[in-house]
Amino acid sequence: SELIRGFLLSGMHCPSSCSPGLLALMAPGLALMATFSLSSQAGDRRALPVEKPPGVKGRTLILLDVNTKSPVRIISENFLSLQLDPSIIHDGWLDFLSSRRLVTLARGLAPAFLRFAGKRTDFLQFHNVKNPAKSRGGPGPDYYLKNYEDDIVRSDIALDKQKGCKIAQHPDIMLELQREKAAQMHLVLLKEQFSNTYSNLTLTARSLDKLYNFADCSGLHLIFALNALRRNPNNSWNSSNALSLLKYSASKKYNISWELGNEPNNYRTLIGRSVNGSQLGKDYVQLRSLLQLIRTYSRANLYGPNIGRPRKNVISLLEGFMKVAGSTVDAVTWQHYYIDGRVAKVTDFLKTRLLDTLSDQIRKIQKVLNTYTPGKKIWLEGVGATSSGGMNNLSDSYAAGFLWLNTLGLLASRGIDVVVRHSFLDHGHNHLVDHNFNPLPDYWLSLLYKRLIGPKVLAIHVAGLQRKPRPGRVIRDKLRIYAHCTSYHNHNYVRGSITLYIINLHRSRKKIKLAGTLRDKIVHQYLLQPYGKDGLHSKSVQLNGQPLAMVDDGTLPELKPRPLRAGRTLVIPPLTMSFYVVKNVNALACRYR
């Protein structure tokens, strides 16, 4: 990567008579991820994209080839996965997970894991009761509350009569009342979050049934995080409530994987006492023993320890955990939020320094694992653009997609097996689906990723011609390119095709010429841009110029590509994200699963 960057900044020039073959010989090497330090124009800091007029000197042509012989990484089929926060119990959205529209949207992102966890994980208690009305609490639309609760009960009765996948069609007035209730509850949840003081939550057996039904109907595998803050006087984990939940789930033959706790490095601020890595490791060993006693879960997967940002004290906790329970967990997990949602600005999402903050964290986590359990899989769970629930018109806008797509590309190229997106649907603004059950820009980005990107990661070769930057100008990596084998599940493309995905943070368009094994191949373009007058703040997107929206509650739109003729230069518009399927490459790395 450094060799590539050095070449691009070297100021080498080529006369107009240069042949493509000569240019290809100038390619300095390969990189798993290509980030290009292309010269910025004087208008880089303006609010709107600035195009250079035709004929201006200094345009950069990038030559791109891919190593098609073998993959450099192979990630999980469930690489892009989803999270639901337990707050959906508080604000009532859990009762609407049976909505046909929500199930349709979730099915679009299958196969994937569905992690049920978040800041309220360690305040969650299971009660094996079936009556939903008596166990329900929290604020709601007072005048209509009784009728609203009765509607929920009637809906539950109707669902109970269904066999197999249980789907509900909720009346508009019922959804309107739920949105009113959720809006009131949102203020309560935010107050808890900012004060870091959380009230206890009750998960009933019926609520667990609804959660599992949603996962099962959507083709998602449920991962349930158990409460780790139920403690005995000697600070060991009290597993009595967890055992009750495990026995109930086993009686229903629910196929679930398990975790214990959420961000254990924050326990001192939550309850006034900490749980060190060694004790947490013992708790996980205890949970594994508990699972082995229950036939249904004797071979269930267990993931953890779900630590926060790997600062010095967190790394110490992880090291203590790995010494005791490194062989007990099936993957090691950590969490990451890029910026504080309370102070975020749209320009934050365009900063390459922000996009690169993950690299150092990956290195720290991998260093610990290489010491204690070499080869252990690593997951990034609970990732989101912003913390504190996100910010309206920002973390749920088109602009947030730059962080999300780069996160996917960077993690895959570094061999992180799974990334869990916070959240599919919740009370904040980091979600993929809003409270009207409409997909937001990051949903469409995730859908394209699922449809086009396979688990095999490919190395790329790049070369380019670059004028020297003016003295004093800071050069940043604003063009990012990743390559994978095209998804085997996409029957529109034969095996052996490859998919490129590209992030252009420049305020001018960039040109890429496919070379080597990619030369003279037909390419299908999937260009995702904001739709409407709000620009980067837009909550709607267009694909190749056509706005994306659901056809109806049970149907996602067809994602139509724009075919490009063989040999055509790829023109990447400013401030956009795009996917390019290179057809019929017959890549050896991509022929077989």
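Cut-offs used in this document
- Sequence order sets the numbering: in each chain, residues are counted from 1 along the sequence as written.
- Where totals are concerned, whole chains, interfaces and linings use all residues; where local detail is concerned, this predicted model gives features only for residues with pLDDT of at least 70, and gives and counts side-chain atom pairs only at 80 or more.
- Only heavy atoms go into the side-chain values, all of them from the structure, while hydrogens and water stay out.
- UniProt positions are given in the numbering used here, feature names are shortened, and annotations may be inferred rather than shown by experiment.
- Disulfides are defined as pairs of cysteine sulfur atoms found within 2.5 Å of each other.
- In this description a helix means any DSSP run of H or I spanning at least four residues, a strand means any run of E spanning at least two, and both kinds are numbered starting from the N terminus.
- Exposed residues in this analysis have more than 50% of their type's maximum accessible area, buried residues have under 20%, and partly exposed residues fall in between, with area computed by a 1.4 Å probe over protein chains only.
- Of all possible arcs, the one meant is that of the directions from the helix axis to the C-beta atoms.
- For two strands to count as paired, DSSP must find a minimum of two bridges between them.
- The handedness rule is simple: strands pointing away from the viewer, and a clockwise path from the first strand over the helix to the second, make the crossover right-handed.

- As annotated in an unreviewed UniProt entry, the protein chain carries the name HPSE2 protein and comes from Probosciger aterrimus.
- We quote the UniProt Sequence similarities (unreviewed entry) comment for the protein chain here in full: "Belongs to the glycosyl hydrolase 79 family."

**Re the state of the cysteines**
Logical step 1: Under the counting rule described, the total for this entry stands at 2 disulfides.
Logical step 2: A sulfur-sulfur separation of 1.9 Å characterises the disulfide bridge that pairs Cys 165 with Cys 217. Its S-S torsion of approximately 135° makes the covalent link between Cys 165 and Cys 217 right-handed. Note that Cys 165 is positioned in the loop between helix H5 (145-161) and helix H6 (172-195) and Cys 217 in helix H7 (residues 205-218), a separation of 52 residues in sequence.
Logical step 3: Of the residues examined, Cys 165 reaches a relative accessible area of 31% and is grouped as partly exposed.
Logical step 4: With its sulfur 2.0 Å from that of its partner, Cys 485 forms a disulfide with Cys 590. Since a negative S-S torsion denotes a left-handed disulfide, the Cys 485-Cys 590 link at about -80° is left-handed. Residue Cys 485 is located in strand S17 (residues 479-486), and its partner Cys 590 is located in the segment after strand S25 (576-582); the two are separated by 105 residues in the primary sequence.
Logical step 5: A relative accessible area of 1% places Cys 590 in the buried class.

**So, helix H13 (residues 357-372)**
Residues spaced three or four apart along an α-helix face the same direction, because each turn holds 3.6 residues.
Logical step 1: Within the sequence span of H13, burial applies to Leu 358, Gln 361, Ile 362, Ile 365, Val 368 and Leu 369. The buried residues of H13 occupy an angular sector of 130° when the element is viewed end-on, so they sit on one face. Looking at H13, the residues exposed on the side facing more than 90 degrees away from the buried face are Lys 367, Asn 370 and Thr 371.

**A short note on the pairing of strand S10 (residues 256-260)**
Logical step 1: Taken across its 5 residues, S10 has 5 buried, putting it largely inside the fold.
Logical step 2: Of the two faces of S10, the one holding Ile 256, Trp 258 and Leu 260 and the one holding Ser 257 and Glu 259 are both buried throughout.
Logical step 3: Bridge count between strand S9 (residues 220-226) and S10: 5 bridges; the pairing is parallel. Within the sheet, the bridge partner assigned to Leu 222 lies in S10 and is Ile 256.
Logical step 4: One crossover worth recording links S9 to the parallel S10 by way of helix H8 (residues 240-251), and it is right-handed.

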